[in-house]
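Chain and residue survey
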Amino acid sequence: MNMALKKNKVKFGLNKVHWAKITAWSDDGVPTFATPVRLPGAVSLSIDANGENDNFYADNTVYYVINNNAGYEGDLEIALITTDFATDILGEQLDSKGVLVERNDAETSQFALLFEFDGDKNHIRHVLYCCSASRPATEGQTTEESKEVKTETLSLKASALPSGLVKSKTCESTDETTYNNWYSAVYIPTAATTNNSTGTRSTSSTKGGSTTASTTTD
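Here's a quick rundown of the structure. Everything numeric in this text was worked out from a predicted model, so none of it was measured.

**Things to note about the nonpolar core**
Residues Leu76, Phe85, Phe111, Leu113, Phe115, Leu154 and Leu156 are the most contacted members of the largest nonpolar core, which totals 22 residues. Of all elements in the fold, only β1 (11–25), β7 (72–78), α1 (83–88), β10 (111–119), β11 (124–133) and β12 (152–159) reach the threshold of two or more residues within this core. Counting residues per element, this core draws most heavily on β10, which supplies 4 residues. Among all residues touching Phe85, those that are not within four sequence positions of it are Trp19, Leu39, Leu90, Phe111, Ala133 and Leu154. In terms of nonpolar packing, the next biggest core, distinct from the first, is built from 14 residues, Ala20, Val127, Tyr129 and Ile188 among them.

**A look at the packing of aromatic side chains**
Any pair of aromatic rings gets described here by the distance separating the centres and the angle formed by the planes. Summed over the entire model, instances satisfying the criterion amount to 4 aromatic pairs. Ring geometry for Trp19 and Phe85: centres 5.6 Å apart, planes at 85 degrees, overall edge-to-face. Of this pair, Trp19 sits in strand β1 while Phe85 sits in helix α1, and the two are 66 residues apart along the sequence. Measuring from ring centre to ring centre gives 5.6 Å for Phe115 and Phe117, while their planes differ by 75 degrees; the resulting arrangement is edge-to-face. Comparing Phe115 with Phe117, the two get one shared label, buried. One aromatic cluster is present, formed by Trp19, Phe85 and Phe111 through successive ring pairs. Residue placement shows Arg125 over the ring face of Tyr179; its charged tip is 4.1 Å from the ring centre.

About the cut-offs
- Residues numbered from 1 in each chain as written.
- Predicted model: local features only at pLDDT ≥ 70, side-chain atom pairs only at ≥ 80, totals over all residues.
- Heavy atoms only, no water.
- Core = buried A, V, L, I, M, F, W, Y, C linked by side-chain atoms within 4.5 Å.
- Buried < 20%, exposed > 50% of the residue type's maximum accessible area, 1.4 Å probe, protein only.
- Helix = DSSP H or I, 4+ residues; strand = E, 2+ residues; numbered from the N terminus.
- Contact = heavy atoms within 4.5 Å.
- Phe/Tyr/Trp six-rings, centres within 6.5 Å; stacked < 30°, edge-to-face > 60°.
- Lys NZ or Arg CZ within 6 Å of the ring centre and 35° of its normal.

Nothing here speaks to function; it is geometry throughout.
Put into structure tokens, the structure is as follows:
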């Protein structure tokens, strides 16, 4: 079903941050994503692209441009990290007394990060497919005449899946079903896309509450 979205001229306002844990990897390096979970209290997201293009010179000109896409790196500032995120992603443990316990041998989990920016016409929805997050700093100060909210910041690294997928986002040509179901399951491009260098095509399937990406080779 197609939807004629109006084209945005500007974007502003971070909203609807979700995370979807990578619950398993196949032998071929294909991830299975859990159902996205809302991470409330988003304040800001600042991520920078990693990797720069390198020029190969021949015949006294730029003969070939090498694209070095190493994903993204930056910070996500939120009001308060939820218990679910702390246990499922950061590896903290909830003991029998309901206390969150952090251990030095805890293993963090990778996840997809979904979010959107408000636009002047419609929301621009994004997904970063393979993210990792580091532990936030612990900060606080005494209360004075006025109260000040202390936020928490997660340092993020977003890399490519083995299939080459790094990020997807909606635009004015996105169909209505995909747009409306963006937070129901992690979106994986369904049309076969051929990698120019490897001849590999990516496909996807969704089963129940999880999404599985797969690759096929010509």
